[in-house]
Amino acid sequence: MSTQPESAATPLLVAEGLTVLHGQLAALRDVSISVNAGEIFAVVGANGAGKSTLLRTLAGLHRPASGVVRVDGVDITHQPTDQRVRQGVVLVPEGRRLFPSMTIEENLLVGAANGRRGEWNVERVYDLFSWMRDRRREKTSHLSGGEQQVVAIGRALVANPRVLLLDEISLGLAPVIVQRIYQTLPSIAGGDMAVLVVEQDVTQAMRVAARFQCLLEGRTTLAGRPQDHTTEEIEAAYFGFGTGLGSAVAS
Amino acid sequence: MNWINAIAQGLLLGGLYALFACGLSLLFGVVGIINLAHGDLAVLGGYVAVAILPSVHTNALWALLFVPPIFGAFGYVSQRTLLQRSLENGPLTTLLVTFGLSVVLQNALLEGFSADSHSLSIGKLATQALRINSQLSISYLRLGILVVAVVVLAGVQLLLARTSVGRQIRAVADDNEAAAISGVNTRHITGIATGIAFVTVAIAGLANGMYSQFTPTSGSSLLLFAFEAVIIGGLGSLWGTLAGGCVLGLAGTIGAQIDSTMGTLIPHLVFLAVLAVRPSGFFPARAPA
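Within each chain, residues carry numbers counting from 1 in the order of the written sequence. The naming scheme follows written order: chains are lettered A onward, ligands numbered 1 onward. The predicted nature of this model means local features are confined to residues of pLDDT at least 70 and side-chain atom pairs, given and counted, to a pLDDT of 80 or more, with totals for whole chains, interfaces and linings taken over all residues.

On to the interface of chain A and chain B. This entry defines residue contacts through backbone-placed C-beta atoms, with two residues in contact when those atoms are within 7 Å. Contact with chain A, which involves 22 residues of that partner, is made by 16 residues of chain B. Sorting the residues of the side of chain A that touches chain B by element identifies helix H2 (81-87) and helix H3 (104-113) of chain A as the ones contributing at least two each. Element by element, the count of residues in the side of chain A that touches chain B is highest for H3(A), at five residues. Going along the chain from the N terminus, every DSSP run of H or I of four or more residues is numbered as a helix, and every run of E of two or more is numbered as a strand.

Put into structure tokens, the structure is as follows:
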């Protein structure tokens, strides 16, 4: 269960007791999470730990067998994905999932069409990533992986998310590109936006996150602030050895 | 009938084929439904006009004002109720459902309107023609149908390319789930796309009713020509569909010019030839999936 070091902050996104089944298999078992406004929160874990399932459940792509998801106190557990976008919960999916037959600008316009009104619009995304403006009429299928990832983030931003869910944005990208994308995160998250980052790359995630939660086989094994835990503790929670936590889950 | 005339009539006939194929192409390219009831829906459009027109006006052109909107609403509702559910069960289910719809429509029309043929009267316009010379005259009706086909295709193309709804329709076609996480209400948008496709089907059905007679079972041959136009033009490409329609029309009239018994056979042979040589059509919009 997550601890709350900054007790003054009000949680914006709260999920309680989420259990998600993929057929017979429980991808998430009784996972709770609480993310504050203006905070970058990391969910780490190995392959198959349930990180993506957690994000997809928060975005409404999976229905939990039990548990509640709330945004700003509003229960969104039974809302479909597009309605959650209007509530301000926006996912940048694993593998980017841009619309390949469309241009950069069209991708952004689709994201903006049903989003919340707010400070983010297509122009502001172009201001932040200036290369995009010159290439806005290019099909996204012609872009490099890193460029596609940035467009995918832009497509989410123009919907003016209150909670931005980033799923494995480092996947398949060169380390230097990943670093550059992560460097822009604080400037994006500034203000009231909560950013929930899911990563296999623990070091990268810990560098930007104020708080983190580690998943293993669908359960939370560790939660807290990165500076409060040693690398060994985190590694143990990540792989599930040493502390006995992992074997408890496995049994 | 000389050669120039055959070519002119073939191109004009192509307009009608393209008009038919437009809705089929849209529904397949955007919603992913192979609509086997397409031809029957067009025929239904004609019968809706037959049923309602007497209380509106004697000229069937007036049907263009009310049948397409009725079909638009019909398309939206059938997508949200029947077709969406079948889509969620996979492509085979939609094939079976639209096939079933085709059978139901044909028999319902037989029950309601008998097997007698009907046509839509547009008064004197049906017989008037633009005389270019003694060899070549162009029927205003056929010319009108070609113009309507071009306007409908251009309109759909513009709508898809330039409007917010059009972008959302393409987004859903590209990646349904990604569209949902971008805030697109995918079912609503798919319903709108189906509604648009049904509007074009209604226009095609009315054009067909003005052009020739129709019976409750004439939908099947219409479906065949629409399919062939879509395949020749390339899936998902609306202008390709127009080209495909014109190729079919030309093949028919030129074939008839060579041998009057070949007029109906040649278009299908041309279709088979294209399928053998260039299976993805002349202007495929995207790589065949």
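Residues and elements named next belong to chain A. If DSSP finds at least two bridges between two strands, the strands pair. Taken in spatial order, the six strands make up an open sheet running S6-S7-S8-S3-S9-S10, and their pairing is mixed. Only two strands of the sheet have a single partner each, and these edge strands are strand S6 (89-92) and strand S10 (219-224). Taken over all neighbouring pairs, the strand axes of this sheet differ in orientation by 20 degrees on average, direction set aside. Of the strand pairs in this sheet, strand S9 (residues 211-216) and S10 are connected by five bridges, and their pairing is antiparallel. Looking at the pairing, Gln213 lines up with Ala223 of S10. Structural elements are reduced to axes, namely lines fitted to C-alpha atoms, with helices fitted over the stretch in contact, and the angle between N-to-C directions of any two is expressed from 0 to 180 degrees.

What follows concerns helix H2 (residues 38-52) of chain B. All names here are of chain B. The length a helix should cover is 1.5 Å for every residue beyond the first. Over its 15 residues, H2 extends 21 Å from the first C-alpha to the last, a length consistent with the 21 Å expected when each residue adds 1.5 Å. Three exposure classes are used, based on other C-beta atoms lying within 10 Å of a residue's own C-beta, which is placed from the backbone: buried for 20 or more, exposed for 12 or fewer, and partly exposed in between. Within H2, 11 of the 15 residues are buried, which leaves the element mostly enclosed by the surrounding structure. What H2 keeps buried is the set His38, Gly39, Asp40, Leu41, Ala42, Val43, Leu44, Gly45, Gly46, Tyr47 and Ala49. Of the surrounding secondary structure, the elements contacted by the buried residues of H2 are helix H1 (3-31), helix H3 (63-87), helix H4 (91-113), helix H8 (186-211) and helix H9 (219-233).

The next point concerns unusual backbone geometry. Of note, A:Asn160 is a non-glycine position whose phi angle comes to about 50 degrees, a positive value. Relative to the helices and strands, A:Asn160 resides in the loop between helix H6 (145-157) and strand S7 (163-167). Here the phi dihedral of B:Ser114 falls at roughly 65 degrees; this positive angle occurs in a residue that is not glycine. A tally of 11 C-beta atoms within 10 Å means that B:Ser114 is categorised as exposed.

Let us now look at the packing of H2(B) against H4(B). To describe two helices that pack against each other, one gives the angle between their axes and the distance between the axes. All names here are of chain B. Relative to each other, H2 and H4 sit at 25 degrees, their axes nearing to 10 Å. Judged on the interaxial angle alone, H4 and H2 are roughly parallel. In terms of crossing hand, the pair formed by H2 and H4 is left-handed. Facing H2, whose interface residues are Asp40, Leu41, Val43, Leu44, Tyr47 and Val50, H4 presents Ser102, Leu105, Gln106, Leu109 and Phe113. Ten residues, namely Ala, Val, Leu, Ile, Met, Phe, Trp, Tyr, Cys and Pro, are considered nonpolar, four, namely Asp, Glu, Lys and Arg, are considered charged, and the remaining ones, Gly among them, are considered polar. Considered class by class, the residues forming the contact of H2 with H4 number eight nonpolar, two polar and one charged. Working definition: roughly parallel below 35 degrees, roughly antiparallel above 145 degrees, roughly perpendicular at 65 to 115 degrees, and oblique for all remaining angles. In this scheme, a crossing is called left-handed if the near helix is turned counterclockwise away from the far one by less than a right angle; it is called right-handed if the turn is clockwise.

On to the sheet that holds strand S1 (residues 11-22) of chain A. Residues and elements named next belong to chain A. Taking strand neighbours across the sheet as the criterion, the four strands line up as S2-S1-S4-S5 in an open arrangement whose pairing is antiparallel. Only two strands of the sheet have a single neighbouring strand rather than two, namely strand S2 (25-36) and strand S5 (74-75). Against the sheet, helix H1 (residues 51-59) engages S1, S2 and strand S4 (66-71), with an angle of about 65 degrees to S2.

With that out of the way, let us pick up the nonpolar core. Here, a nonpolar core denotes buried Ala, Val, Leu, Ile, Met, Phe, Trp, Tyr and Cys residues that are linked to one another through C-beta atoms within 7 Å. Judged by nonpolar contacts, the single largest core of 157 residues is most densely connected at A:Leu165, A:Leu196 and B:Leu19. The residues touching A:Leu196, leaving out its near neighbours within four places in the chain, are A:Val35, A:Phe41, A:Val43, A:Leu55, A:Val163, A:Leu165 and A:Leu166.

All names here are of chain A. Among the six residues that make up strand S8 (residues 194-199), six are buried, leaving the element largely enclosed by the rest of the structure. Of the two faces of S8, the one carrying Ala194, Leu196 and Val198 and the one carrying Val195, Val197 and Glu199 are both buried. The pairing of strand S3 (residues 40-45) with S8 spans five bridges and is parallel. Counted as the bridge partner of Phe41 is Leu196 from S8. Pairing geometry for S7 and S8, over five bridges, is parallel. Bridge pairing in S8 places Asp167 opposite Val198. Whether a crossover is right-handed depends on one test, that the path from the first strand over the helix to the second runs clockwise when the strands point away from the viewer. For the handedness criterion, the β-α-β arrangement of S7, helix H7 (residues 175-189) and S8 is classed as right-handed.

All names here are of chain A. Summarising the sheet, S1 and S2 pair through eight bridges and their orientation is antiparallel. Bridging from a neighbouring strand, Val20 pairs with Leu28 of S2. Connecting S1 to the next strand, S2, in antiparallel fashion are two residues, including Gly23 with a positive phi near 65 degrees. Strand direction decides the pairing type here: S1 and S4, joined by five bridges, are antiparallel.

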